[in-house]
Amino acid sequence: MKPAARRELVSNVRQAYGVSEKRACELIGITRWTNRYRSRRDGQADLRMRLRELAGTRTRYGYRRLTVLLRREGRAVNAKRVYRLYREEGLQVRTAKRSKRAAHARVPLAGATRRNQRWSMDFVSDRFGDGRWFRILTVVDQYTRECLCAYADRSQTGTQVVTQMKRLVAVRGVPESITTDNGSEFAGRVMEVWAYETGVKLDFIRPGRPVQNGYIESFNGRLRDECLNGEVFFNLADAREKIERWRDDYNRTRPHSALGDRTPQEFAAAAGGPPFALPMVNKASALPCQGSAGAGQKTPALDTEAHLPSESVMRAKGFSERRAWLRGSIEIL
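Cut-offs applied
Residues numbered from 1 in each chain as written. Predicted model: local features only at pLDDT ≥ 70, side-chain atom pairs only at ≥ 80, totals over all residues. Heavy atoms only, no water. Buried < 20%, exposed > 50% of the residue type's maximum accessible area, 1.4 Å probe, protein only. Helix = DSSP H or I, 4+ residues; strand = E, 2+ residues; numbered from the N terminus. Pairing = 2+ DSSP bridges. Phe/Tyr/Trp six-rings, centres within 6.5 Å; stacked < 30°, edge-to-face > 60°. Lys NZ or Arg CZ within 6 Å of the ring centre and 35° of its normal.

(A) Local environment of the pairing of strand S1 (residues 118–127). Burial runs high along S1: 7 of the 10 residues are buried. The pairing of S1 with strand S4 (residues 177–180) spans 3 bridges and is parallel. Looking at the pairing, Trp119 lines up with Ile178 of S4. Pairing of S1 with strand S2 (residues 133–141), which is carried by 9 bridges, proceeds in the antiparallel orientation. Across the sheet, residue Ser125 finds its bridge partner in S2, namely Arg135. In sequence, S1 turns back onto S2 through a hairpin of 5 residues, with Gly131 there showing a positive phi of about 95°.

Set out below in structure tokens:
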């Protein structure tokens, strides 16, 4: 039990039973000096107020993203202080507990190395206030994490998908490939003809393997958590306006942890030069330990043929080893 809670218990015991401070402290297990201590730390009233304002407007942001927003305003705060105030103000974000699944080997996704190289595309479904369904076509750049399109409509056909692709290509240029699932809108004749004429490769994932298109699946989760679950859509025009407003905020304001807490637009502006890459540890190519047989030796190339000793040399080596073994056995006897 923390000292603050013990001090509160001492106060309650003294009021309820009328005992002295010394007796109450002995019962609770606290010294009188600790009981009389009063914190002289700054209450951070201004920071608490601003933190509540940001948490009120960004209802699905945790303390780490709120820390990034506070630093953008010029406040010299660290994550530990924000986390302490975040807990004291009761601003924790409630998340559903994930069910445990069987462990399995995960295949790493082949990431893009430059802007506008690979796109990911998928659909998200939601309902209006009266219960009618509508679908949202989402397109994401795998390198910059920009949301290129979030187009909502009552029904999405292959022709409508091609129309949105033509609009994006006119603005951003032609990508090398687009990763999609095997839906009829993406695998149909209209989309196939457009991809052939434009020179875009359609990279279809395996059926029932959405993790192979993890970039768009992660984005769809953020879209549903931060926008769709917190908004009520009355009609199609209202849905398009709110989703487009959130898309603009996602690209311009929302910090992305995979981009060094930068926004996708900031990262895309910086990506005009050499490709940005976070340092990664390649566990498959570990260096040999000092003193091992391979220490100080050059690692052989994988694309060169290994030079094995000839059959006569191997026979001679085996004969000499057997002769040495027989000589040692005779000496022992």
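(B) Quick peek at the packing of aromatic side chains. Throughout the structure, instances matching the rule amount to 9 aromatic pairs. Summarising the aromatic geometry, the rings of Phe123 and Phe186 are spaced 5.0 Å apart at their centres and angled 5° between planes, so their arrangement reads as stacked. With Phe123 in strand S1 and Phe186 in helix H8 (residues 184–187), this residue pair connects regions lying 63 residues apart in the sequence. For Phe123, a relative accessible area of 13% corresponds to the buried category. For Phe186, a relative accessible area of 2% gives the class buried. Ring geometry for Phe134 against Phe233: centres 5.7 Å apart, planes inclined by 85°, an arrangement best described as edge-to-face. Residue Phe134 is located in strand S2, and its partner Phe233 is located in the loop between helix H10 (214–226) and helix H11 (236–252); the two are separated by 99 residues in the primary sequence. With a relative accessible area of 1%, Phe233 lands in the buried category. An aromatic cluster is present here, built from Tyr63, Tyr83 and Tyr86 joined pairwise through their rings. We note Arg32 situated over the ring of Trp33; from NZ or CZ to the ring centre the distance is 5.9 Å. Above the ring of Phe123, the side-chain terminus of Arg135 is found at 4.1 Å from the ring centroid.

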